[in-house]
Amino acid sequence: MPLSRNYEPVPKADTDGDSDVTLTNRQTRRGVPGFLKRNLAAITITGLLVVLMMLVVAVITSITVEPFRQILVVKTPAPLATGHTGHTGHAGDAVYPIELEGQRQCLPTKSRTTYSCGNSTTEAEERGCAYDPLAGCWLHKECPRDFTHEFATFNNGQPFAYYYDEAMTQQMKDYDEVGRNPDRYWTSIREHLVHCLYLLRRGHEVHMRGDRLDTMLGDLEHVDHCTNMLADWLRRDDPVLDHVGTSGFTHCFMSFTSSTRRPRLNPTITQYVYDVLFADPIIPTNHSTNPDTDPRHITLEIIDLSSQNLPLYDESIIPASLPAADPTPHYSKAHTRAWSAVVRQYDAFIFVTPQYNWSIPASLKNALDYLFFEWVGKPAGIVSYGSRGGGKAAEHLRGVLTGLRMRVVGTAPGLSVKFTGVSGEKVELDERDVAGWTGAGIPGMMRNMGMELVCELDK
Ligand SMILES: Cc1cc2nc3c(=O)[nH]c(=O)nc-3n(C[C@H](O)[C@H](O)[C@H](O)COP(=O)(O)O)c2cc1C
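Cut-offs used in this document
- Residues numbered from 1 in each chain as written.
- Predicted model: local features only at pLDDT ≥ 70, side-chain atom pairs only at ≥ 80, totals over all residues.
- Helix = DSSP H or I, 4+ residues; strand = E, 2+ residues; numbered from the N terminus.
- Buried ≥ 20, exposed ≤ 12 C-beta atoms within 10 Å, placed from the backbone.
- Contact = placed C-beta atoms within 7 Å.
- Axes fitted to C-alpha atoms, helices over the stretch in contact; angles between N-to-C directions.
- Parallel < 35°, antiparallel > 145°, perpendicular 65-115°, else oblique.
- Left-handed = near helix turned anticlockwise from the far one by under 90°.
- Nonpolar A, V, L, I, M, F, W, Y, C, P; charged D, E, K, R; others polar.
- Pairing = 2+ DSSP bridges.
- Near = placed C-beta within 6 Å.
- Core = buried A, V, L, I, M, F, W, Y, C linked by C-beta atoms within 7 Å.
- Expected span 1.5 Å × (residues − 1).
- Arc of directions from axis to C-beta.
- UniProt positions renumbered as here; feature names shortened; annotations may be inferred.
- pLDDT = per-residue confidence, 0-100.

(A) Seen up close, the overall build of the protein chain. Secondary structure assignment for the protein chain yields 13 helices and 14 strands. Burial status across the protein chain gives 31% buried among its 459 residues. Taking the contacts inside the protein chain whose residues are at least 6 apart along the sequence as the reference set, 69% of them involve residues at least 24 apart.

(B) The arrangement of the packing of helix H6 (residues 189–209) against helix H7 (residues 220–234) in detail. At their nearest, the axes of H6 and H7 sit 9 Å apart, and the two run at 130 degrees to each other. With respect to H7, the element H6 is oriented oblique. In this structure, the crossing between H6 and H7 has a hand that is left-handed. Residues His-192, Leu-193, Cys-196, Leu-197, Leu-199, Leu-200 and Gly-203 of H6 form the contact with H7, whose participating residues are Val-223, Cys-226, Met-229, Leu-230 and Trp-233. Among the residues forming the contact of H6 with H7, the class breakdown is 10 nonpolar, two polar and no charged.

(C) Seen up close, the pairing of strand E3 (residues 137–140). Burial along E3 is two-sided: the residues Cys-137 and Leu-139 and Trp-138 and His-140 are all buried. With antiparallel pairing between neighbouring strands as the criterion, strand E2 (residues 129–132) and E3 make up a hairpin whose turn holds four residues, including Gly-136 at a positive phi of roughly 70 degrees.

(D) Up close: the site of the ligand. Inspection of the region around the ligand gives 13 residues, with Ser-259, Leu-265, Asn-266, Pro-354 and Gly-386 positioned closest. Its residues assigned to classes, the shell around the ligand shows four nonpolar, six polar and three charged.

(E) Structural context of unusual backbone geometry. That bond from Arg-262 to Pro-263 is cis: its omega, -15 degrees, falls within 30 degrees of zero. Within the secondary structure, Pro-263 is located in the loop between strand E7 (251–257) and helix H8 (266–279). With phi around 45 degrees, Asn-357 is a residue other than glycine that occupies positive phi space. Secondary-structure assignment places Asn-357 in the loop between strand E9 (348–354) and helix H10 (362–369). We note that Arg-405 has phi near 60 degrees; this positive angle belongs to a residue other than glycine.

(F) A look at the nonpolar core. Of all hydrophobic cores here, the largest spans 45 residues; its most connected members are Ile-269, Val-273, Phe-351, Ala-380, Ile-382, Leu-397 and Leu-415. Elements with a contribution of two residues or more to this core: H8, helix H9 (334–344), E9, H10, strand E10 (379–386), helix H11 (391–403) and helix H13 (442–458). Not counting chain neighbours up to four residues away, the residues in contact with Leu-397 comprise Phe-351, Thr-353, Ile-360 and Ile-382.

(G) Structural view of the environment of Thr-215. Structurally, Thr-215 is set in the loop between strand E6 (213–214) and H7. Residue classification places Thr-215 among the buried residues on the basis of 21 C-beta atoms within 10 Å. Taking the C-alpha atoms as reference points, Thr-215 and Leu-139, 76 residues apart in sequence, are found 10.0 Å from one another.

(H) Examining the environment of His-207 more closely. Within the secondary structure layout, His-207 lies in helix H6. Expressed as a C-alpha distance, the spacing of His-207 and Gly-218, which sit 11 residues apart in the sequence, is 9.8 Å.

(I) Molecular detail of the pairing of E2. By the bridge criterion, four bridges tie E2 to E3 in an arrangement that is antiparallel. Across the sheet, the residue bridging to Tyr-131 is Trp-138, located in E3.

(J) Quick look at the packing of H8 against H13. Following both chains from N to C, one finds H8 and H13 inclined at 75 degrees, their axes separated by 9 Å at the closest point. Comparing their axes, H13 and H8 come out roughly perpendicular. Together, Val-273, Val-276 and Leu-277 of H8 and Pro-443, Met-446 and Gly-450 of H13 make up the contact between the two elements.

(K) Representation of H13 within the structure. In a regular helix each residue adds 1.5 Å, so 17 residues correspond to 24 Å; H13 covers 24 Å between its end C-alpha atoms and thus fits that length. Among the residues making up H13, those that are buried are Ile-442, Met-446, Met-449, Gly-450, Leu-453, Val-454 and Glu-456. Buried residues of H13, viewed axially, fall in a sector of 160 degrees; they line one side.

(L) Structural detail: the UniProt feature "transmembrane region" (unreviewed entry) in the protein chain. Sites flagged by UniProt as "transmembrane region" (unreviewed entry) map to residues 39–60. Counting secondary structure, residues 39–60 comes out at 95% helix and 0% strand; the distance between its end C-alpha atoms is 32 Å.

(M) A look at the confidence of the model for the protein chain. Predicted confidence across the protein chain gives a mean pLDDT of 79, with 76% of residues reaching 70 or more. Predicted confidence is poor over residues 64–103, with pLDDT under 50, and the contacts of this stretch with residues over four places away or in other chains come to 87 contacts.

(N) Highlighting the environment of Ala-124. Tracing the chain through its elements places Ala-124 in helix H3 (residues 121–126). For the pair Ala-124 and His-140, spaced 16 residues apart in sequence, the C-alpha separation works out to 7.9 Å.

Okay, here's the thing in structure tokens:
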């Protein structure tokens, strides 16, 4: 079959001498497309350069221009008779205009969005904010309100009393009236103490959930103010406070060395972990707390797995089938009974493990397999090390410990070992590795892990 093509008719040759006109017309038709075609590369490059410049300008602007923030507090700041600086969000007796210094806003702990309640009651309501009696502020609906009920019903279910004047001649009828009061209010010292008590409690809850923080909760000055206020009142000469009515107990941690070869790095790394935890002022060890009076006090001990002399698993029974309350006497081998007795002494564990071929050493898995109920329900932390921090070993160990029903905490520091090495029988910690760990925030992670364990023990 022949193919037909639609050829454009070829213009007749200009034979009548007005070829100029014909040429001019042709140029006009081809002008813009022709220009675009001839300069396509130049136009594309120019366009890309313009877009790139706009991007650079946008990035610089977003870094340097501080976003405008509005205030959350809508009450007119006023000093309180009790020196209560927290309720209005202002320090001391100074009366601030409603400006930056008095601002309260909802700071996120997860995402970076901030919420504001504007500058007036009307604005606050329009933005979905409501007065929170515990904070003494208008809070955005995204801000947590833990313990507001406990605060508002502290007095045998009754709200606190608030007055327009120090002489208490004019009482406000409810919290709504307090929130809408544009001037100062007067209230009791008890209200102030309970406010401090529950705001500190709210701070803890919000932190543990990773929830949003309002600027009063996040304000160190306010936290200091509240703890000082409570401390001052606790220093009062009240004989009731000196009655022996408190008992405490000591939690024990076992920090675990898990490789068994000779020579090995494990005792050196475990000692480093121990030293960091022990020296941390936040972790309630002997260093920072009195074991006789602090119920959260913990004792750290190091157990070396290689001195347990455990052979490869040689029990005929399955540990999980033994009586949960007292499995120890039911093991057939003396080394298992001894191992069971060791582990039962401790309330929580930190496993310090190297990475062997993308997992934990067989010696550690073996020691874990020997027992079951001795591990169940106890909090566990993991510290791994290896040329890249031993993350794969930590991951495997988390799975094994979870199978043993242990409560493994989230933070698991991984120590990259680059310079520390085995030389003869002596294993020294290389300063450069220690500096690298410090730079990478390992001591902070240790603290988090330690405190997560302490919190687990408190549950
Ligand atoms: C059998 C074996 C396997 C290893 N596999 C790994 C590995 O998978 N990843 C890694 O980073 N390091 C690995 N290493 C290096 C160790 O993490 C490093 O030697 C460490 O010091 C071992 O701990 P230890 O001295 O307490 O036994 C391995 C070492 C051994 C002995």
